[in-house]
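Here is what each chain is made of, one letter per residue.
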Amino acid sequence: MRLPVNRDDWIDLADGAWRASTPFILVVPLIAVMALPVHLPWHPWMPQLGLAAVMYWVTIKPEWMPPLAAMVLGLLQDFWLGSPLGLMMIVYGLTAAFLSAQITFFLARPFHIGWGVLALMIVAIAFLLWLATSAILGQNLPLGGFLLQAGLTILMMPLLFFLLALCLTRLLDRRRSLGL
Amino acid sequence: MAAGASAPKRRSAARWRWLIARVLFMVMLGAAVLLLVLDRTRPEMTATWRAVANDSLTPMLGTLTTPVRWVAAGVNSIKSYLIVRDENERLRAENDRLRQLAERTLASERESTTLRSLLRLAEPGVRVVATARVVGTSGASMLDSALLTAGRDAGLKPDMPVRDAGGIVGRLIQVGARSSRVLLVTDVESRVPVRVLRTGETAIAAGLGNGLLELQFLRPDADLRRGDQVLTSGHGRLFPPNVPVGEVIDLSGERPRLKPVAALSRLSYVLVLEPFEQIDLLIDPPNPPAP
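These figures come from a predicted structure and were not determined experimentally.

## Thoughts on the pairing of strand β2 (residues 145–148) of chain B
Residue and element names in this part refer to chain B. Burial along β2 is two-sided: Ser145 and Leu147 and Ala146 and Leu148, pointing in opposite directions, are all buried. Sheet topology note: the strand β1 (residues 128–137)/β2 ladder contains three bridges and is antiparallel. Following the sheet pairing, Thr137 is matched in β2 by Ala146. Bridging between β2 and strand β5 (residues 180–184) involves four bridges; their strand directions are antiparallel. Among the inter-strand pairings, Leu148 is bridged to a residue of β5, identified as Ser180.

Listed below in structure tokens is the structure:
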């Protein structure tokens, strides 16, 4: 490893740090948005914006969202939204680890195929969350709420991915940031 | 030659990085499981961490909710402009009904005051500790809760009851310096002692986690009808008595279901009350009857 010695090296270092931390930083406000008192009139649940964003970054470039970073975001969600501490930390970590192992599948497929696979994953996660929460609380929670939340997340995914892609080109495109 | 020697070195470094990342991942998974166990077995410990986290979130949510409130206010203005005529007629009818009700209530209150003074019973007045703004809800978690902008600094403590203009909202479960979290009455872990206004039957209103409550421990032959109002009973020494909790909406299942009367899906400001147990009801016991 070569230590930075001149101005260009420092710029490269800062650019690398910015590139590595931006996806993580962009998920934090999404988790905060999930805590806003805004939701569907007939149901109090919000889509899993944080989890969907983590899925996006992992399927675009796994190095930008390693499982450890995803776990920190999951822990933040547990704290901010009051869910059982450690639960979303595990969900985020395992999701990022699983998706990063399947990266070649996502890179080679068109969007609708990737979306379909992520949708199936979201439904499976909702079911597992229902099982885990019911077991932790010792109550038979209604499954409908979890599935409705999964449905909302799946519907929100194209718009969320479009916005994140916009951030990707605006904030992380090297040529654009260098004015080329 | 040098390039040939550096390639295995790079491979070895990459292998080490891969190994360290895997070990760290397993350690973090273990830490997450430990947190889950701690959260259930030592909730008082994790409540402190959660309160600190809530304090960090509240200012951000306060800023984020401002445009949301503007939009909601705008939508409400347009809505009230569009329905102003129907709304006027409805309010006029309601005003007539309320005037009749007020006359009857005044008479009952006079009678009640006389009886209370005969029994030397103190008014179970409810003291408001603070008025707080709701800046967050747990719309994506498994807990039905709301985040308030007042905490220890405003005199709040865990287990204090919270209400809005409609009725009981819940009770405080985590109190930070400048924020606190309310467990809503609809959460699966919430239990509120209640009585039916029409018959006086007592029961426990338990949250179902789907925006509704159910009545537990109600006498099997209890006379209950759709539309019956359910109020807090004052038992359990936490929620003050006679605060509306819900309205019976479904009698078809094993247990009657209630719809909460507090506007839980659009909370904006709430009142945090002193727990009922701290209010002394009797000033002085009445004189024993002469032998």
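## Focus on the pattern of salt bridges
All names here are of chain B. On inspection of all chains with the given rule, the structure shows 13 salt bridges over all chains. When the shortest N-O distance is used, the salt bridge between Glu201 and Arg219 registers 2.5 Å. With Glu201 in the loop between β6 (191–196) and β7 (202–207) and Arg219 in the loop between β8 (213–216) and β9 (229–232), the pair connects residues that are 18 residues apart, well separated along the chain. Owing to a relative accessible area of 44%, Arg219 belongs among the partly exposed residues under this scheme. Within the structure, one salt-bridge network assembled from shared partners comprises Glu87, Arg90 and Glu94.

## Regarding the interface of chain A and chain B
Contacts between chain A and chain B engage 43 residues on the former and 41 residues on the latter. Each partner contributes to the roughly 3,600 Å² buried at the junction of chain A and chain B, and carbon and sulfur atoms together form 72% of this total. It is Phe79, Trp80 and Leu85 of chain A in chain A that bury the most area against chain B; as a group they hold 18% of the surface buried on that side. At the junction of chain A with chain B, the criterion picks out zero salt bridges. At the boundary of chain A with chain B, the tally comes to 10 residue pairs in polar contact (both at pLDDT 80 or more). Sorting the residues of the side of chain A that touches chain B by element identifies α1 (7–34), α3 (67–81), α4 (87–101), α6 (111–137) and α7 (143–172) of chain A as the ones contributing at least two each.

## Looking at the nonpolar core
Among the nonpolar cores identified, the biggest contains 68 residues, and Val54, Trp57, Met65 and Trp80 of chain A are the most heavily contacted of them. If you list the elements that add at least two residues to this core, you get α1, α2 (49–60), α3, α4, α6 and α7 of chain A together with α1 (2–41) and α2 (43–82) of chain B. Residue contacts for Met65 of chain A: discarding those within four places in its chain leaves Pro23, Phe24, Val27, Val54, Trp57, Val58, Ala70, Leu73 and Ala96 of chain A. By size, the runner-up hydrophobic cluster in this structure holds 38 residues, among which are Leu148, Leu215, Leu218 and Ala262 of chain B.

Criteria and thresholds
Residues numbered from 1 in each chain as written. Chains lettered and ligands numbered in written order. Predicted model: local features only at pLDDT ≥ 70, side-chain atom pairs only at ≥ 80, totals over all residues. Heavy atoms only, no water. Buried < 20%, exposed > 50% of the residue type's maximum accessible area, 1.4 Å probe, protein only. Helix = DSSP H or I, 4+ residues; strand = E, 2+ residues; numbered from the N terminus. Pairing = 2+ DSSP bridges. Salt bridge = Lys/Arg side-chain N within 4 Å of Asp/Glu carboxyl O. Contact = heavy atoms within 4.5 Å. Buried area = accessible area lost by both parts, 1.4 Å probe. Polar contact = N/O pair within 3.5 Å; in protein donor to acceptor, adjacent residues only side chain to side chain. Core = buried A, V, L, I, M, F, W, Y, C linked by side-chain atoms within 4.5 Å.

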